[in-house]
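# Summary of structural features
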Amino acid sequence: MKLEKPLVLIVDDDEADQKFIGKILSKADMDVALASSGEELIKLLKNILPDLIILDIMMPGMNGFEACKRLSQKKQTSEIPVIFLSARNDTEAIIQCFSMGAHDYITKPFVMEELIARVKTQLELKKKEDRLKELNTNLEKMVHERTTELMVTNKKLKDYNTALQVLLEKRERDKEELEKRVVLNTKELLMPFLITLKKKTITQKERLELIRICENNIEKIISPFVSNLKSKIVELGFTHKEITIANLIIQGKSTQEISTILNSSESTINFHRNNIRKKLGINNKRENLQVYLKRLEN
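Remember, it's a predicted structure, so these values are computed and weren't measured experimentally.

### Points about the packing of aromatic side chains
Applying the stated criterion across every chain, the model contains 3 aromatic pairs. Seen in terms of ring centroids, phenylalanine 20 and phenylalanine 110 are 6.0 Å apart; in terms of plane orientation they differ by 35°. Their pairing is tilted. Separated by 90 residues along the polypeptide, phenylalanine 20 in helix H1 (residues 15-27) and phenylalanine 110 in the loop between strand E5 (104-107) and helix H5 (112-189) bring together distant segments of the chain. Under the relative-accessibility criterion, phenylalanine 20 is labelled partly exposed at 41%. For phenylalanine 110, a relative accessible area of 19% puts it in the buried group. Taking the centre distance of 6.3 Å and the plane angle of 45° together, the rings of phenylalanine 65 and phenylalanine 84 count as tilted. Here phenylalanine 65 is found in helix H3 (residues 64-73), whereas its partner phenylalanine 84 is found in strand E4 (residues 82-86), with 19 residues between them in sequence.

Written out as structure tokens, the structure reads:
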């Protein structure tokens, strides 16, 4: 792929100097445009935008100082590098050129190699400045996009947090209500029968009936806590006893504690625990059954 040549605009009222400078730059692989005065330079800039301008000072009509000042006042042309090329070598002229925004100053007569070197230096600097501005523009665009994304994300997080807060408050209210119901149900559905069970006057048949009623009522009381779990594991063929044991495991009860609560031997509880593992497909004995059941419950 052939690279585009830089365009250098030569502004000089001396036609011989124009052609000589143009020839030098053309051989240095640059495109050249010509203007004979400051006014012609301003007109040309309406149609072309050169990469660099070589500007003489002493010209009829608008001189180089005024032309350079005009360039610096317009955004489109203010960043074009300007090299003054003049027969004037006095300090005052040089200072005034730089104060007008010139990038370099070369006095006539000049050395061809020096002219080419200085032109290439300014073109390379301009190229790097343009690249840096492009990178800055892209960076600003990226920052803007990321900032917008962060604002959207923060808005979503705020909405999520608000929704979560509402859910947590509802959950806390539900928990308090559930606790009240459990306490009330325990008093109404268990305590009267337990008091009766303590009496020595009741028969064995009455005692067994009361125990059966207590078991049924316990099932009613704990049903809100095991409903989620029960709905998932009942399909796996869990027995009523296994569902009860699974719920106690979730509560963190040990085998010994469960055997005491259910009035069963530890070997019986272990037998049911192994059945629970088989039905859940837990083959790895290192898998914590309580953690697994808690995940299943949620």
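### Quick word on the pairing of strand E2 (residues 31-35)
Where strand E1 (residues 7-11) lies against E2, 5 bridges are found, and the strand directions are parallel. Across the sheet, leucine 9 pairs through a bridge with alanine 33, a residue of E2. In this region the chain leaves E1, passes through H1 and returns to the parallel neighbour E2; the handedness of that crossover is right-handed.

### A word on the pairing of E4
Most of E4 is tucked away, with 5 of its 5 residues classed as buried. Covered by surrounding structure in E4 are Val82, Phe84 and Ser86 together with Ile83 and Leu85, the residues of both alternating faces. As judged from the 3 bridges shared by strand E3 (residues 52-55) and E4, these two strands associate in the parallel manner. By the bridge assignment for E4, leucine 55 is matched with phenylalanine 84. Relative to E5, E4 is paired through 4 bridges, and the arrangement is parallel. When the bridges of E5 are listed, serine 86 appears paired with threonine 107.

### Side note on the side chain of serine 37
For serine 37, the position within the fold is in the loop between E2 and helix H2 (38-44). Here the side chain of serine 37 touches glutamate 40 through a polar contact of 3.2 Å, landing on its backbone nitrogen. Residues contacting serine 37, with those up to four places away along its chain left out, are Val11, Met59 and Pro60.

Scoring rules and cut-offs
- Residues numbered from 1 in each chain as written.
- Predicted model: local features only at pLDDT ≥ 70, side-chain atom pairs only at ≥ 80, totals over all residues.
- Heavy atoms only, no water.
- Phe/Tyr/Trp six-rings, centres within 6.5 Å; stacked < 30°, edge-to-face > 60°.
- Helix = DSSP H or I, 4+ residues; strand = E, 2+ residues; numbered from the N terminus.
- Buried < 20%, exposed > 50% of the residue type's maximum accessible area, 1.4 Å probe, protein only.
- Pairing = 2+ DSSP bridges.
- Right-handed = clockwise from strand over helix to strand, strands pointing away.
- Polar contact = N/O pair within 3.5 Å; in protein donor to acceptor, adjacent residues only side chain to side chain.
- Contact = heavy atoms within 4.5 Å.

As far as function goes, none of this settles anything; it's purely spatial.
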